[in-house]
Amino acid sequence: MRILLTNDDGIHAPGLEVLEAIARQFSDDIWVCAPDEEQSGMGHALTLTRPVRLRKHGDRRFSVTGTPTDAVTMGLRKVIDSPPDVILSGVNRGANLADDITYSGTVSAAIEGALAGVRSIALSQVYSKEGMGEDGPFAPAIEWGAKVLAPLLDTPLPKRTLVNVNFPPVPPSDVKGIRAVRQGFHDYSRGTVVEGRDPRGFQYYWFGLEAIEHTLDHGTDLEAIDEGYISVTPLQLDLTHHASLGALADRYEG
Ligand code: MN
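What you are looking at is a predicted structure, and each value in this text was computed from that prediction instead of being measured.

Draft legend 1. View of the coordination of the manganese ion. Looking at the manganese ion, one finds its protein donor set to be Asp 8 (OD), Asp 9 (OD), Ser 40 (OG) and Asn 92 (OD1), positioned 2.1 to 2.3 Å from the metal centre. Sequence spacing of the donors to the manganese ion: D-D-x30-S-x51-N. The pair Asp 8 / Asp 9 is uniform in exposure class, with both members buried.

Pasting the structure below:
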């Protein structure tokens, strides 16, 4: 099985090492093509206004001066000579739950993989404010990663779908299990806008993510993580709200 690894935290991110250790439990045919720098929050951006550069770091290990989508595109078209069986994106440093998904470079790399017809899975480790002590922030992903992935590697997935996995911020022994759940939603607009002045006296603004509120609706990824479960959410690329189609079509008729 050939596996392509990528992420949005950059090729030197600790979470990519975690992902590689997980992937090696399934295959030795592992390729890495990741952004050269952190690209969190870049969503599904594709670089169009400047060239991208491909750098070789070692055997089957490359970085791209661009976004996660650029990295997957280069991985599929220029780095690997035949399509991989699986694309894994992550393990992201921090949650990609509910409405995080469309901002997420981690999930968007998997979206790019799904568009290319490759089985694609995004993995994220939710961080706790208190930290995880001796276990380290990625301990749940390290301990549970292979167990979560195994069914995702051979369960049939329809075309233009992908899977989003999040690990809860608790010690691995406290993880209660794995739940297949739907995407939840945040109640309010995202986070805070911090104002400050730069060294030259000009005002700047900086977005923070601490103050996001959310509803722990039953059966959602947010609820699963809150209760100490690993969340597994299948996603589809068709964003059409089918229930509204008929009503809108009626307005344009006659
Ligand atoms: Mn990230």
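Draft legend 2. The arrangement of the pattern of salt bridges in detail. Across all of its chains, the model carries 9 salt bridges by this definition. Across the pair Arg 60 and Asp 29 runs a salt bridge, and its minimum N-O distance is 3.0 Å. Linking Arg 60 in the loop between strand 3 (54-58) and strand 4 (61-64) with Asp 29 in strand 2 (residues 29-35), this pair joins segments that are 31 residues apart in sequence. For Arg 60, a relative accessible area of 28% puts it in the partly exposed group.

Draft legend 3. Examining the sheet that holds strand 3 more closely. Taken together, the 9 strands give an open sheet; going across it, the order is 3-4-2-1-5-6-7-11-8, and neighbouring strands pair in mixed fashion. Each of the sheet's edge strands pairs with one partner strand only, and the pair in question is strand 3 and strand 8 (177-180). Here the average twist between neighbouring strands, direction ignored, is 20°. Pairing geometry for strand 2 and strand 4, over 4 bridges, is parallel. Counterpart to Pro 35 in the pairing with strand 4 is Val 64. Contacts between helix 3 (residues 105-115) and the sheet are confined to strand 1 (2-6), strand 5 (86-93), strand 6 (119-125), strand 7 (161-167) and strand 11 (229-236), with strand 6 contributing the most and set at about 175° to the helix. Docked against the sheet, helix 4 (residues 139-154) engages strand 5, strand 6, strand 7, strand 8 and strand 11, running at close to 160° with respect to strand 6.

Draft legend 4. Structural view of helix 2 (residues 68-79). Summarising burial for helix 2: 9 of the 12 residues are buried, a large majority. Against the buried residues of helix 2 lie strand 1, strand 2, strand 3, strand 4, strand 5 and helix 3.

Draft legend 5. Geometry of the packing of helix 2 against helix 3. The contact between helix 2 and helix 3 brings their axes to 8 Å, and the two run at 30°. Pair helix 2 / helix 3 crosses with right-handed handedness. Here Pro 68, Thr 69, Val 72 and Thr 73 of helix 2 come into contact with helix 3, specifically with Gly 105, Ser 108, Ala 109, Glu 112 and Gly 113. Here the contact of helix 2 with helix 3 is composed, by residue class, of 3 nonpolar, 5 polar and 1 charged.

Draft legend 6. Structural context of the side chain of Thr 69. The residue Thr 69 is located in helix 2 in this model. Residue classification places Thr 69 among the buried residues on the basis of a relative accessible area of 1%. If near-sequence neighbours (up to four positions away) are discounted, Thr 69 is found in contact with Gly 43, His 44, Ala 45, Leu 46, Ser 108 and Glu 112.

Cut-offs and rules
- Residues numbered from 1 in each chain as written.
- Predicted model: local features only at pLDDT ≥ 70, side-chain atom pairs only at ≥ 80, totals over all residues.
- Heavy atoms only, no water.
- Donors = N, O, S within 2.8 Å, 3.2 Å for Na, K, Ca; no water.
- Buried < 20%, exposed > 50% of the residue type's maximum accessible area, 1.4 Å probe, protein only.
- Salt bridge = Lys/Arg side-chain N within 4 Å of Asp/Glu carboxyl O.
- Helix = DSSP H or I, 4+ residues; strand = E, 2+ residues; numbered from the N terminus.
- Pairing = 2+ DSSP bridges.
- Axes fitted to C-alpha atoms, helices over the stretch in contact; angles between N-to-C directions.
- Contact = heavy atoms within 4.5 Å.
- Left-handed = near helix turned anticlockwise from the far one by under 90°.
- Nonpolar A, V, L, I, M, F, W, Y, C, P; charged D, E, K, R; others polar.

From the geometry alone we can't say anything about function, so treat these as descriptive.
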